[in-house]
Amino acid sequence: DVTLNNSQFTYPPAKGAFHRVPGPRFWRDFWREAAWDVRFHTGKDTWYRNEYVNVEIDGNLALSGRPGAWLANGKIGARQGVINYLGQNFIVSQGSFEVETDTRPGLTRGVYPYISGVAEKTVAAVDARGFANDDVVTMVVDRARLGEIQPRFLSRNSPGLKSDRVAMRALGLSGEDQ
């Protein structure tokens, strides 16, 4: 077991980050050929960061196997943070990253990552009377495989407004309820 405290990481790693492992050849071969069986736990002040996400996380992830044939299972939640979606920052109120490895006999083994979450952004909006009024736009991501995410957008002030209109409001493209 490995506990990560005061840690920051990203995935996938930066281009070239592991292109050349330093040290003698046997050391490089060791890292390429090692069989893993480790469970990572988040500790205090553990953050996941990339160009779209900056969240403090909580949870664990088990990783086993060799590079190219990984088995992974676990769930990591977001304690706090920010998601940048289409150039807009949303404050995370809840979030989850889950990974499962399907090992059922007769099927092609696959590692499947899933994302879900809720994040909010306060925006300036114009109501039907033409008055400026702050609105809270909520972005909801129902549990979906990574790459198949389809966020929905909800307006606190106009709960019946269609998701695409609320998304436009969050982007500052429309303040009108049409």
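The present account deals with the structure reproduced in this document. (Residues numbered from 1 in each chain as written. Predicted model: local features only at pLDDT ≥ 70, side-chain atom pairs only at ≥ 80, totals over all residues. Heavy atoms only, no water.)

Before going further, it helps to examine the pattern of salt bridges. For the structure on display, the rule yields 8 salt bridges. A salt bridge links Glu120 to Arg156; the nearest nitrogen and oxygen atoms lie 3.5 Å apart. Here Glu120, found in strand β8 (residues 110-126), pairs with Arg156, found in the loop between β10 (152-155) and α2 (163-170); they are 36 residues apart in sequence, far enough to count as distant. On the basis of relative accessibility, which here comes to 29%, the residue Glu120 falls in the partly exposed class. A salt bridge links Asp142 to Arg152; its shortest N-O distance comes to 3.0 Å. (Salt bridge = Lys/Arg side-chain N within 4 Å of Asp/Glu carboxyl O. Helix = DSSP H or I, 4+ residues; strand = E, 2+ residues; numbered from the N terminus. Buried < 20%, exposed > 50% of the residue type's maximum accessible area, 1.4 Å probe, protein only.)

What follows concerns empty space enclosed by the protein. Throughout the structure, instances matching the rule amount to 1 cavity of 30 Å³ or more. The calculated volume of the largest cavity comes to roughly 40 Å³. Residue lining of the largest cavity: Tyr85, Leu86, Gln88, Phe90, Phe153, Ala167, Ala170 and Leu171, and that is the complete set. Those elements that provide at least two residues to the lining of the largest cavity are β7 (88-102) and α2. Residues that form the lining of the largest cavity fall into these classes: 7 nonpolar, 1 polar and no charged. (1 Å grid on protein atoms, 1.4 Å probe; cavity = no way out; pocket = protein on both sides within 12 Å on 5 of 7 lines; lining within 4 Å. Points joined across faces, edges and corners; volume = space filled by probe spheres on them. Nonpolar A, V, L, I, M, F, W, Y, C, P; charged D, E, K, R; others polar.)

In this section: the nonpolar core. Residues Phe90, Ala119, Val123, Val137, Met139, Phe153, Leu161, Val166, Ala167 and Ala170 constitute the largest nonpolar core, which totals 10 residues. Residue assignment for this core shows that the elements contributing at least two residues are β8, β9 (132-145) and α2. Broken down by element, this core gets its largest block of residues, 3 residues, from α2. Each residue touching Ala119, except ones within four places of it in the same chain, is listed here: Ile83, Phe90, Ile91, Val92, Ser93, Val137, Thr138 and Met139. Among the nonpolar cores identified, the runner-up in size contains 5 residues, and Val55, Ile57, Ile76 and Val92 belong to it. (Core = buried A, V, L, I, M, F, W, Y, C linked by side-chain atoms within 4.5 Å. Contact = heavy atoms within 4.5 Å.)

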